[in-house]
There are 8 protein chains.
Amino acid sequence: MNKQETLRILQKIKAGDMSPEDALFKLYSEPFEDLGYAKLDHHRELRKGVPEVIYGAGKTPEQIIGIASAMRAKNQKLILITRMSAEAAEAAAKVLPLNYRETARIGILGEMPPPDGIGKIVVATGGTSDMPVAEESAVTAEALGNEVVRLYDVGVAGLHRLLAKLDVIADAQVVISIAGMEGALTSVIGGLADCPVIGVPTSVGYGTSYNGLSALLSMLNSCASGVGVVNIDNGFGAGYLASMINHKRGSK
Amino acid sequence: MNKQETLRILQKIKAGDMSPEDALFKLYSEPFEDLGYAKLDHHRELRKGVPEVIYGAGKTPEQIIGIASAMRAKNQKLILITRMSAEAAEAAAKVLPLNYRETARIGILGEMPPPDGIGKIVVATGGTSDMPVAEESAVTAEALGNEVVRLYDVGVAGLHRLLAKLDVIADAQVVISIAGMEGALTSVIGGLADCPVIGVPTSVGYGTSYNGLSALLSMLNSCASGVGVVNIDNGFGAGYLASMINHKRGSK
Amino acid sequence: MNKQETLRILQKIKAGDMSPEDALFKLYSEPFEDLGYAKLDHHRELRKGVPEVIYGAGKTPEQIIGIASAMRAKNQKLILITRMSAEAAEAAAKVLPLNYRETARIGILGEMPPPDGIGKIVVATGGTSDMPVAEESAVTAEALGNEVVRLYDVGVAGLHRLLAKLDVIADAQVVISIAGMEGALTSVIGGLADCPVIGVPTSVGYGTSYNGLSALLSMLNSCASGVGVVNIDNGFGAGYLASMINHKRGSK
Amino acid sequence: MNKQETLRILQKIKAGDMSPEDALFKLYSEPFEDLGYAKLDHHRELRKGVPEVIYGAGKTPEQIIGIASAMRAKNQKLILITRMSAEAAEAAAKVLPLNYRETARIGILGEMPPPDGIGKIVVATGGTSDMPVAEESAVTAEALGNEVVRLYDVGVAGLHRLLAKLDVIADAQVVISIAGMEGALTSVIGGLADCPVIGVPTSVGYGTSYNGLSALLSMLNSCASGVGVVNIDNGFGAGYLASMINHKRGSK
Amino acid sequence: MNKQETLRILQKIKAGDMSPEDALFKLYSEPFEDLGYAKLDHHRELRKGVPEVIYGAGKTPEQIIGIASAMRAKNQKLILITRMSAEAAEAAAKVLPLNYRETARIGILGEMPPPDGIGKIVVATGGTSDMPVAEESAVTAEALGNEVVRLYDVGVAGLHRLLAKLDVIADAQVVISIAGMEGALTSVIGGLADCPVIGVPTSVGYGTSYNGLSALLSMLNSCASGVGVVNIDNGFGAGYLASMINHKRGSK
Amino acid sequence: MNKQETLRILQKIKAGDMSPEDALFKLYSEPFEDLGYAKLDHHRELRKGVPEVIYGAGKTPEQIIGIASAMRAKNQKLILITRMSAEAAEAAAKVLPLNYRETARIGILGEMPPPDGIGKIVVATGGTSDMPVAEESAVTAEALGNEVVRLYDVGVAGLHRLLAKLDVIADAQVVISIAGMEGALTSVIGGLADCPVIGVPTSVGYGTSYNGLSALLSMLNSCASGVGVVNIDNGFGAGYLASMINHKRGSK
Amino acid sequence: MNKQETLRILQKIKAGDMSPEDALFKLYSEPFEDLGYAKLDHHRELRKGVPEVIYGAGKTPEQIIGIASAMRAKNQKLILITRMSAEAAEAAAKVLPLNYRETARIGILGEMPPPDGIGKIVVATGGTSDMPVAEESAVTAEALGNEVVRLYDVGVAGLHRLLAKLDVIADAQVVISIAGMEGALTSVIGGLADCPVIGVPTSVGYGTSYNGLSALLSMLNSCASGVGVVNIDNGFGAGYLASMINHKRGSK
Amino acid sequence: MNKQETLRILQKIKAGDMSPEDALFKLYSEPFEDLGYAKLDHHRELRKGVPEVIYGAGKTPEQIIGIASAMRAKNQKLILITRMSAEAAEAAAKVLPLNYRETARIGILGEMPPPDGIGKIVVATGGTSDMPVAEESAVTAEALGNEVVRLYDVGVAGLHRLLAKLDVIADAQVVISIAGMEGALTSVIGGLADCPVIGVPTSVGYGTSYNGLSALLSMLNSCASGVGVVNIDNGFGAGYLASMINHKRGSK
């Protein structure tokens with residue numbers, strides 16, 4: 001609750017429009033009621049006008065359907081269900097008009113919004129195995145009103161693949177760089193791009209990749225400036241952060 | 001080198017204004033000449049109109065003075081020397097008009113630019129021990145043309161200190177959240193702010209803080225969305241990234 | 001065996017009521033007979049008047065039933081079976097009057113005691129995924145004679161949820177703070193509470209949460225004073241320690 | 001700020017005794033003024049009637065003297081300066097009536113309070129090298145009004161040393177168990193004591209002790225119940241937590 | 001793209017045979033068309049005349065069959081499918097003339113080339129459990145035109161086994177030394193061999209072998225000179241590197 | 001091959017009883033023939049008169065039966081199969097006179113030898129969950145001709161259990177101390193015993209036990225002297241080393 | 001205190017020769033008086049007839065001199081001071097008849113005993129840098145009455161050096177194998193020796209040797225049986241354990 | 001000792017030219033005499049005709065001078081002293097004709113040989129801070145008879161610097177790729193080069209670079225094939241291995 005809202009409540013008390021006891025309750029509990037959906041696991045409450053997000057991992061199909069139905073009953077226009085298994089999607093599709101993006105493991109209820117960001121978000125990956133994380137980023141960003149350009153399988157082992165797409169990089173407002181193994185892609189893009197780069201290490205690899213640790217350290221130590229890093233495999237977080245950067249504060 | 005520059009060279013060949021051999025040389029080596037300062041350790045070359053950056057760690061005062069003098073000879077208007085020791089600053093001040101920010105360990109040659117970003121960058125710290133990293137961020141951001149608001153010593157052990165400054169957070173375009181020990185500040189700010197948050201773990205702490213590892217893991221696992229993380233103690237990188245977010249692509 | 005007991009034995013020898021050989025045997029082996037239940041895995045022997053505890057992990061349903069039946073034959077009034085699987089519970093329920101708490105994974109035989117502690121124990125969690133650990137703490141504390149207040153899903157990403165319950169925190173004798181991911185909840189509660197706080201990191205999270213390591217380090221490095229930490233997912237240990245703090249020494 | 005205080009302010013508004021604007025300012029900033037000492041590094045603000053604590057590490061003698069003098073000017077009766085170097089103590093002693101405890105590295109200004117806790121706090125160590133951490137715990141607990149019993153050099157390699165002092169353990173309200181190397185002392189005491197045990201791993205050892213990691217893991221995995229653990233070498237934190245346990249909530 | 005190719009394009013522009021716009025496109029995108037097969041996961045593009053490699057892990061039998069069929073349609077004479085499961089091999093064998101090497105988990109399509117390297121590649125293992133990795137190395141090297149000598153189960157616990165084969169070591173152009181557990185074999189061979197030694201740590205072992213970490217550290221710290229190390233279990237990489245060493249640059 | 005054997009061969013050459021070529025072959029290859037069983041995974045070849053050992057992990061029942069049958073055909077009187085699954089044992093029992101020790105996971109073919117060591121080997125465990133490792137140690141030691149005394153479930157959480165058995169410890173020639181979790185048992189026994197102590201960390205525990213790492217570090221850092229440590233869960237290795245200590249060199 | 005001693009005290013009570021109160025005091029405190037030297041850091045109390053040991057690290061020359069003088073006053077014939085700096089030795093030599101072994105960093109007061117063990121202890125090292133640890137082992141073993149054979153600089157990079165000394169290995173009762181870097185020496189010796197081998201990893205090396213971790217893991221994962229491992233750089237512990245093995249129980 | 005040498009000795013025995021006892025001594029000890037310099041720390045003995053190598057770290061100037069003088073007395077023509085401090089060099093230069101390469105920290109005695117390898121060795125670095133390691137590689141390779149091309153400061157943050165030198169990469173027989181921080185250079189070079197690439201991670205960086213661990217993991221997980229890795233900062237090892245690859249077996 002910001003100062004303006006607090007001030008308004010206090011003025012109501014002075015004007016006698018509200019009792020101090022009611023104001024006390026309002027001050028502490030109202031935001032909690034408004035944001036009842038904050039009970040959704042692991043994802044911060046989103047602001048009005050943006051999609052609700054249900055973190056699907058560790059929830060039964062029944063639980064997901066229950067939560068989503070309750071949200072729809074409150075006229076929520078767009079709902080994202082992340083980390084949703086194919087099984088859960090199949091069950092949910094029977095009772096809800098679910099649009100399931102299999103690679104992204106995201107279920108969508110409602111209409112995706114038109115892009116209203118400052119520019120484009122480029123989602124680049126080192127290899128095809130990084131695609132589930134990349135699609136989680138891309139669909140998240142699209143659901144938050146961004147135009148997304150996909151640039152998959154441009155890892156540094158075949159540098160020409162990336163160099164052939166320099167114009168795409170040059171045209172981006174934000175780049176989400178997703179890579180497993182040694183994660184060198186993010187440093188290379190960081191050196192080429194003229195905009196913020198969000199590094200997403202993935203758990204792709206074996207042996208000393210240590211489920212993404214190698215890529216994570218690479219990205220944190222990037223010799224290129226302008227790189228911020230999120231948790232391993234956190235496609236949603238990267239898409240969310242990219243959308244924030246691609247919109248003016250408060251607009252989304 | 002971007003497409004426009006490449007295209008211009010190719011058109012000169014067609015017009016007969018440049019031989020193919022010269023163009024070849026130009027295509028590969030020119031950016032290298034223009035960006036000779038790219039030899040500076042650890043920091044990506046910055047674009048025209050922005051300050052040059054010399055990474056001072058591991059350089060002798062003589063080397064720093066030599067590089068800076070060469071840059072000034074090329075009419076570079078603003079030069080930053082990061083990780084500059086007090087000793088190096090003292091030596092440099094004898095031969096150059098150095099403005100040394102002791103806490104930030106940054107030496108400045110030339111005039112700082114007026115702010116031209118979209119909004120304000122808030123630099124928040126958990127404790128006073130995080131100030132060197134915070135000042136590195138703040139001075140970097142200022143040198144890149146941003147208005148910076150400092151919010152120091154607002155760690156979560158005394159939550160009222162942060163809550164008393166919610167309006168500052170609410171007014172930010174980007175927040176740089178800097179903390180050592182358990183790094184919980186970044187999650188709390190991430191939950192309160194309505195803009196991108198850049199987490200900077202610091203090596204402040206002892207025992208199991210493991211020189212910033214505890215804070216780093218905290219920030220990467222933040223349950224709040226919209227957080228990107230940089231290397232431990234990397235105040236420069238956070239300031240640089242924040243400036244990119246606070247400017248339109250290409251404007252700085 | 002304490003000094004008083006030892007002294008009594010020695011006095012019996014002097015009085016001729018006990019032979020030195022018998023005393024020797026008594027001195028070494030008697031406590032072992034009294035505390036035969038100490039053979040129960042991983043959990044220290046509990047004092048008289050308190051429930052017996054069977055660590056159910058890695059035991060077959062048959063073994064659990066056998067041990068519990070033997071205890072009941074010795075008139076033990078209350079028995080807890082921790083880390084008990086649903087399968088083991090189903091089998092045990094056929095032959096024993098088992099009260100199974102599914103989320104806590106605890107089976108109960110006998111009547112739960114009325115609360116006789118100094119005050120209330122608050123069990124707080126960052127998210128709903130932390131509930132199995134939280135319920136293990138809560139049921140353990142209740143079985144040891146404590147009034148427990150549950151405060152679930154009050155993670156710092158939505159700080160208002162916790163702030164709305166400050167009176168509950170203020171009214172606690174001990175707070176058990178349970179969180180996975182970045183574990184910041186414990187620092188925030190540690191900064192707000194005026195009583196001992198027990199931090200329980202959980203293995204909830206993915207990627208760099210490293211199965212609870214991130215939360216563990218956060219809690220150990222808490223910038224708030226008055227925090228003690230137990231092993232990852234050790235809900236039983238936290239409930240046990242909280243009960244000790246909420247009772248006078250020796251009373252339970 | 002708790003509900004009662006908030007309510008009082010709101011009632012003043014209704015009564016016309018305070019303008020909404022003033023109330024807004026009061027609501028957010030007042031606790032901050034009252035607790036200005038919260039700026040002290042790394043240690044949570046202590047409540048009224050208890051000593052102020054200055055974290056001395058990383059502060060110059062001048063800074064320490066300045067802060068302490070300011071506190072004394074506000075009539076603070078007892079001030080602790082933790083992690084205070086001998087050099088800082090020597091400098092401070094020239095201008096302040098400093099009582100310096102060399103082993104504990106704690107400087108004291110003012111009178112130590114008489115014990116007013118429920119019972120005794122026992123501070124046990126595995127070896128003599130653990131004494132600096134132990135004294136930090138002991139002096140902290142004494143300054144918070146506790147009777148402290150020291151039980152040093154009772155490590156498990158010579159178990160008879162500990163067994164000879166079982167009556168001391170049996171008489172404690174809380175035991176602080178401090179050990180480096182393999183940290184087994186805490187498990188053994190945890191198995192013998194009938195009260196809460198606080199484990200403090202120390203950085204004593206070499207090779208695979210990894211500066212306290214070995215002892216830390218031992219304590220977290222203790223097969224004895226009733227053990228809470230603090231950060232490596234965190235004698236202050238253990239003393240503070242022990243005092244909380246040894247007092248009724250709010251009394252200290 | 002090398003200088004000669006670039007120069008040729010630039011000369012075409014000057015001659016008017018190509019427009020600057022077309023040249024720009026050519027400069028960036030042409031290499032990408034030539035090397036379209038670079039889309040194959042995780043393995044660098046191989047040069048003409050050498051086998052194509054499909055990284056089979058994480059691909060469905062259908063995907064593998066599809067890619068392989070497309071390659072064969074382009075007259076590729078030899079195709080390797082690494083990390084191919086028995087299930088995938090069974091399915092592929094129904095529609096393709098697959099030669100499946102079960103231990104190596106490599107499927108082969110086409111004729112293996114005759115050896116054309118400088119000398120022999122020796123593949124040595126510490127134990128029989130290392131054979132899958134060893135065979136991956138051996139078959140890879142054979143497919144790249146090398147004569148391979150297998151020296152399995154010569155671990156240092158029975159040093160006589162290795163000493164009995166010193167002549168084989170002495171006759172090698174490169175030795176691939178493959179071992180799990182403590183990985184000492186590589187140091188011993190490094191001390192005996194008069195040629196480059198490639199160490200491949202394997203995940204064979206238990207407890208503190210940490211899935212190959214122990215062997216990896218051993219090999220990196222080898223007191224013998226002339227040893228290079230690849231990722232844990234990376235038999236393909238070792239075979240590929242060995243082949244490069246056993247051929248003149250560019251010949252294979 | 002020792003000096004005496006080498007000398008004998010050389011003398012045969014001089015006497016004309018052996019050609020130099022044959023001698024060369026003999027020198028290098030003969031021990032290899034004698035010790036053909038050295039091909040058995042992971043366990044060093046045992047000397048004549050002692051049992052053969054087959055490391056059963058990762059071998060199919062057919063492979064185990066094949067190797068064991070071949071050994072029996074060479075009149076090997078006693079064969080141990082370690083890490084043998086119940087399934088493999090069931091299959092082997094159909095064709096071989098197998099004596100399967102289920103807890104130890106060891107299959108025995110032939111008669112166990114009578115004890116012929118210097119004294120007794122005590123095998124102690126912290127809890128009942130450590131029994132599989134303990135039995136692997138005990139049966140191994142028995143098969144190598146040692147009298148074994150089992151002392152299970154004497155962990156330090158209930159110290160009286162161990163103190164009640166001090167005479168058993170005092171009577172040992174070697175103690176194998178087996179414990180998971182915090183592994184404190186080994187330090188306590190090391191402080192009480194007057195003979196070599198072999199520490200075996202086990203993977204028993206959860207959370208920060210890190211599959212035995214906590215116990216391993218504890219044992220390596222034991223403040224008691226006279227302790228040697230083996231790999232996590234390596235019951236066989238401990239039994240083998242204990243037998244070596246309990247026999248004169250070369251006798252077994 | 002063993003059963004016999006306890007029994008004797010109890011019989012005195014029965015005979016009226018001792019009051020129960022005195023007996024109680026005796027039972028608990030007497031061993032503590034006898035073993036007052038147990039206060040010495042980090043090294044378990046040694047039995048009668050063997051040297052006293054003072055752990056010199058972290059003690060001032062004055063403290064060392066004080067403790068040693070007190071011991072000599074009690075007619076202790078042989079005293080070892082381990083981890084003794086050259087400075088401490090120089091100071092001590094002025095007031096005590098100190099025999100200082102510089103490489104071993106051990107100071108000796110009194111006469112070294114003649115060897116009375118079963119056989120010889122071989123101390124082998126990988127390189128000359130391991131000598132300080134090796135000499136700590138060797139001098140410790142000699143002080144405990146063992147004949148020691150030194151076999152330095154026989155690392156596996158030059159295997160011939162070790163093979164040339166096989167007869168020394170074959171003649172040992174125990175081998176202490178000391179190595180840094182990759183620690184392969186211990187596996188090789190473990191495969192060649194017919195007696196217990198004690199592995200001592202050293203902190204010799206750089207980079208991924210991680211101060212002895214690489215060598216430690218190697219030794220714990222040794223594919224050779226009969227190897228026990230002690231802490232990194234723990235030469236004293238290895239010498240002590242070797243002496244125990246080389247003597248009958250209780251004889252030393 | 002190879003088979004031919006062994007055979008020759010055996011034939012001498014048969015011919016009566018050598019007694020069996022002498023032969024035995026010869027077989028075991030002769031190589032040891034020939035290779036007496038193998039006592040030099042950490043670096044395997046080099047073959048005849050190549051330089052001797054003294055590992056200077058941890059040796060006093062006196063020791064280095066002594067060893068070098070002894071070698072020169074045996075007519076060794078070229079001697080390298082690696083990891084030689086400036087102080088040691090200054091002292092040695094007073095008594096020996098030392099040529100000291102300061103950046104490489106290598107002292108040279110004697111004439112450097114002319115290049116006799118197959119082709120060129122390229123030594124590339126990510127930044128100027130990697131130069132000490134690079135020069136150690138380069139001078140080592142030169143001393144072993146290789147032509148070396150230096151390509152410094154071509155890190156991926158400014159990719160144009162590397163692309164401008166593609167012809168140098170294309171012309172190499174081996175590339176040594178040296179980088180700290182995120183080590184991405186090695187992957188990029190591995191993707192561009194058509195020859196073996198040796199990755200050398202350096203300890204350059206801060207925070208999560210963990211003294212070279214980040215770069216090491218990157219290189220081990222390189223998505224490019226044909227890369228072998230050596231220990232952190234091991235410039236000597238890389239130069240040695242590169243020379244082996246650039247020469248025919250046995251020629252150097």
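Shown above is the structure to which this text applies.
Residues numbered from 1 in each chain as written. Chains lettered and ligands numbered in written order. Predicted model: local features only at pLDDT ≥ 70, side-chain atom pairs only at ≥ 80, totals over all residues. Heavy atoms only, no water.

Novice: I'd like a rundown of the sheet that holds strand E4 (residues 106-109) of chain G, residues and numbers included.
Specialist: Adjacent strands of a sheet pair through backbone hydrogen bonds, lying either parallel or antiparallel. Residue and element names in this part refer to chain G. Across the sheet, 4 strands lie side by side as E1-E2-E4-E3; this open sheet has mixed pairing. The open sheet is flanked by strand E1 (52-55) and strand E3 (99-101), the only strands paired with a single partner. Here the strands of the sheet are splayed against their neighbours by 20° on average, with no regard to which way each runs. The pairing of E1 with strand E2 (residues 79-82) spans 4 bridges and is classified as parallel. Bridge pairing in E2 links glutamate 52 to isoleucine 79. (Pairing = 2+ DSSP bridges. Helix = DSSP H or I, 4+ residues; strand = E, 2+ residues; numbered from the N terminus. Axes fitted to C-alpha atoms, helices over the stretch in contact; angles between N-to-C directions.)

Novice: Quick rundown of the environment of D:Gly228? Include the residues and the values.
Specialist: Tracing the backbone shows D:Gly228 in strand E9 (residues 227-229). In this structure D:Gly228 touches C:Val229, C:Leu241, D:Val197, D:Ile198 and D:Gly199, once residues within four positions along its chain are discounted. (Contact = heavy atoms within 4.5 Å.)

Novice: Mind laying out the pairing of strand E5 (residues 120-125) of chain G, listing which residues take part and the relevant values?
Specialist: All names here are of chain G. Of all 6 residues in E5, 5 are buried, a share of seventy percent or more. Direction of pairing for E5 relative to strand E6 (residues 147-151): parallel, over a ladder of 5 bridges. Looking at the pairing, isoleucine 121 lines up with valine 148 of E6. Assessed by its sense of winding, the connection that carries the chain from E5 through helix H5 (residues 131-143) to E6 is right-handed. Both E5 and strand E7 (residues 172-179) contribute to a ladder of 6 bridges, which runs parallel. Counterpart to lysine 120 in the pairing with E7 is alanine 172. (Buried < 20%, exposed > 50% of the residue type's maximum accessible area, 1.4 Å probe, protein only. Right-handed = clockwise from strand over helix to strand, strands pointing away.)

Novice: Can you tell me about the packing of aromatic side chains, naming the residues and giving the values?
Specialist: Counting across every chain of the model gives 8 aromatic pairs over all chains. Taking the centre distance of 5.9 Å and the plane angle of 40° together, the rings of G:Phe236 and G:Tyr240 count as tilted. With G:Phe236 and G:Tyr240 both in helix H10 (residues 235-246), this residue pair falls 4 residues apart, about one helical turn. Sitting over the face of the ring of F:Tyr206, C:Arg83 holds its NZ or CZ atom 4.5 Å from the ring centroid. (Phe/Tyr/Trp six-rings, centres within 6.5 Å; stacked < 30°, edge-to-face > 60°. Lys NZ or Arg CZ within 6 Å of the ring centre and 35° of its normal.)

Novice: Before we move on, can you summarise the state of the cysteines with the specific residues and values?
Specialist: Taken as a whole and assessed by the stated rule, the structure comprises 0 disulfides over all chains. Summary of cysteine pairing: E:Cys223 is not part of a disulfide, and the nearest cysteine sulfur, belonging to G:Cys223, is at 15 Å. Of the residues examined, E:Cys223 reaches a relative accessible area of 12% and is grouped as buried. As a non-bridged cysteine, G:Cys195 has G:Cys223 as the owner of its nearest cysteine sulfur, 17 Å distant. (Disulfide = S-S within 2.5 Å.)

Novice: Just give me the short version of the sheet that holds strand E1 (residues 52-55) of chain D, but keep the residues and values in it.
Specialist: Residue and element names in this part refer to chain D. If you trace the 4 strands from one edge of the open sheet to the other, you get E1-E2-E4-E3, paired in mixed fashion. The open sheet has two edge strands, E1 and strand E3 (99-101), and neither has a second partner. Geometrically, the sheet is characterised by an average inter-axis angle of 20° between neighbouring strands, direction not taken into account. Two elements, E3 and strand E4 (residues 106-109), share 3 bridges in a ladder whose sense is antiparallel.

Novice: Can you explain the packing of helix H5 (residues 131-143) of chain C against helix H10 (residues 235-246) of chain C? Please cite residues and give values.
Specialist: Residues and elements named next belong to chain C. Direction vectors running N to C along H5 and H10 enclose 35°, while the axes themselves pass 7 Å from each other. Along this stretch, H5 crosses H10, giving a crossing that reads as right-handed. Contacts from Val133, Glu136, Ser137, Thr140 and Ala141 in H5 reach Gly235, Phe236, Ala238, Gly239 and Tyr240 in H10. Residue composition of the contact of H5 with H10, by class: 5 nonpolar, 4 polar and 1 charged. (Left-handed = near helix turned anticlockwise from the far one by under 90°. Nonpolar A, V, L, I, M, F, W, Y, C, P; charged D, E, K, R; others polar.)

Novice: Can you tell me about the side chain of G:Ser222, naming the residues and giving the values?
Specialist: Tracing the backbone through its elements, the reader meets G:Ser222 in the loop between helix H9 (213-220) and strand E9 (227-229). Contact partners of G:Ser222, with chain neighbours within four places excluded, come to E:Met181, E:Glu182, G:Ser187 and G:Val227.

Novice: So what about unusual backbone geometry? Which residues, and what values?
Specialist: One non-glycine residue with positive phi stands out, namely B:Arg83, at about 50°. Examined against the element boundaries, B:Arg83 turns out to sit in the loop between strand E2 (79-82) and helix H4 (86-93). Positive phi values are uncommon outside glycine, yet E:Tyr210 reaches one of about 45°. With respect to the element layout, E:Tyr210 can be found in the loop between strand E8 (197-201) and helix H9 (213-220). Residue E:Tyr210 is classed as partly exposed on the basis of its relative accessible area of 30%.

Novice: Could you give an account of the pattern of salt bridges, naming the residues involved and the relevant values?
Specialist: A side chain of one charge can pair with a side chain of the opposite charge if their charged atoms are brought near each other. The full count for this structure, using the stated rule, is 53 salt bridges over all chains. The shortest N-O distance in the salt bridge between A:Arg150 and A:Glu142 comes to 3.0 Å. The partly exposed category is assigned to A:Arg150, whose relative accessible area is 33%. You can call A:Glu142 buried: its relative accessible area is 18%. In this structure, the salt-bridge partner of D:Asp153 is D:Arg161, at a minimum N-O distance of 3.2 Å. Each member of the pair, D:Asp153 as well as D:Arg161, is classed as buried. Counted as one network, the salt bridges with shared partners bring together A:Arg101, A:Glu135, A:Glu142 and A:Arg150. (Salt bridge = Lys/Arg side-chain N within 4 Å of Asp/Glu carboxyl O.)

Novice: Which residues make up the pairing of strand E4 (residues 106-109) of chain A, and what values do they have?
Specialist: Residue and element names in this part refer to chain A. The two faces of E4 match: Ile106 and Ile108 on one face and Gly107 and Leu109 on the other face are all buried. Examined bridge by bridge, strand E2 (residues 79-82) and E4 share 3 bridges and lie antiparallel to one another. If you follow isoleucine 79 over to E4, its bridge partner there is leucine 109. Hairpin connection of strand E3 (residues 99-101) to E4: 4 residues between the antiparallel strands, including arginine 105 at a positive phi of 55°.

Novice: Before we move on, can you summarise helix H4 (residues 86-93) of chain A with the specific residues and values?
Specialist: Residues and elements named next belong to chain A. Among the residues of H4, those classed as buried are Ala88, Ala89 and Ala92. Seen from one end, H4 has its buried residues packed into an arc of 100°, which puts them on one side. More than 90 degrees from the buried face of H4, the exposed residues found are Glu87 and Glu90. In the core, the buried residues of H4 are packed alongside helix H3 (61-73) and E3. (Arc of directions from axis to C-beta.)

Novice: Can you tell me about the packing of helix H9 (residues 213-220) of chain B against helix H9 (residues 213-220) of chain C, naming the residues and giving the values?
Specialist: Relative to each other, H9(B) and H9(C) sit at 125°, their axes nearing to 9 Å. In terms of orientation, H9(B) lies oblique with respect to H9(C). Viewed along their axes, H9(B) and H9(C) form a crossing whose handedness is left-handed. Facing B:Ser214, B:Leu217 and B:Ser218 of H9(B), the residues of H9(C) in contact are C:Ser214, C:Leu217 and C:Ser218. Taken together, the residues of the contact of H9(B) with H9(C) sort by class into 2 nonpolar, 4 polar and no charged. (Parallel < 35°, antiparallel > 145°, perpendicular 65-115°, else oblique.)

Novice: Describe the environment of H:Ser129, listing the residues and the values that go with them.
Specialist: With respect to the helices, strands and loops of the structure, H:Ser129 is situated in the loop between strand E5 (120-125) and helix H5 (131-143). C-alpha of H:Ser129 to C-alpha of H:Ala179: the two residues are 50 residues apart in sequence and 9.0 Å apart in space.

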